[in-house]
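A structural walkthrough
Residue strings, one per chain:
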Amino acid sequence: MAKWNQESVIRGALRRAFARSPAVLNVKYKTRRESPRYKKDGSLSKQKKVEYQCAICKQWYGSNDVAVDHIEPVIPVNGVRSSWDMFMERLFCDEKNLQLVCSYKKKKFELHDKPSCHYLKTQEERLARGISSDSLE
């Protein structure tokens, strides 16, 4: 059985709450486009196709393949542990510190010939903190 880590559980709950914040929703709204969606029989569907543009690679992705990411990471790359107040301040930041990036799963690497921008950015931050990439698996 996995060890219970109370701090990790609380951080996860706060991040899930942040994902529903107005700042995140505004960033997603600003980077979206709608286009006609067609059914298999060629007729026009009532719902439009919604896509979002990655701020890094500028490609368009569906809603399941994007994430709103902090430009300046919530956990500082210098490795200094911050207080709960600092964590909250950095997490619930202004829209200026947020960007929408592609974040597709590893299974889709073959389709795109490269890892997602979110994965690459996270790897860079982990390396800056001295965390091995093996811990991501």
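Before any of the text, the structure's been laid out above.
Residues numbered from 1 in each chain as written. Predicted model: local features only at pLDDT ≥ 70, side-chain atom pairs only at ≥ 80, totals over all residues. Heavy atoms only, no water.

Remarks on the packing of aromatic side chains
Geometry of an aromatic ring pair is reported as the spacing of the ring centres plus the angle between the planes. Overall, the coordinates contain three aromatic pairs when judged by the stated rule. Stacked on the ring of Tyr52, the Lys or Arg Lys28 has its end atom at 5.3 Å from the ring centre. (Phe/Tyr/Trp six-rings, centres within 6.5 Å; stacked < 30°, edge-to-face > 60°. Lys NZ or Arg CZ within 6 Å of the ring centre and 35° of its normal.)

Concerning unusual backbone geometry
Backbone geometry at Lys58 places phi at a positive 65°, although glycine is not the residue there. Tracing the backbone through its elements, the reader meets Lys58 in the loop between strand 2 (49–53) and strand 3 (60–61). (Helix = DSSP H or I, 4+ residues; strand = E, 2+ residues; numbered from the N terminus.)

Remarks on the nonpolar core
Counting residues in each nonpolar core, the largest one holds 20 residues, and the members touching the most others are Cys54, Tyr61, Val68, Leu91, Leu98, Leu100 and Cys102. Mapped onto this core, the elements with two or more residues apiece are helix 1 (6–18), helix 2 (22–30), strand 4 (66–70), helix 3 (84–91) and strand 5 (98–102). If you tally residues by element for this core, the top one is strand 5, at four residues. Once residues lying within four places of it in the same chain are set aside, the contact partners of Leu100 are Val27, Lys28, Thr31, Tyr52, Gln53, Cys54, Ala55, Val66, Ala67 and Val68. (Core = buried A, V, L, I, M, F, W, Y, C linked by side-chain atoms within 4.5 Å. Buried < 20%, exposed > 50% of the residue type's maximum accessible area, 1.4 Å probe, protein only. Contact = heavy atoms within 4.5 Å.)

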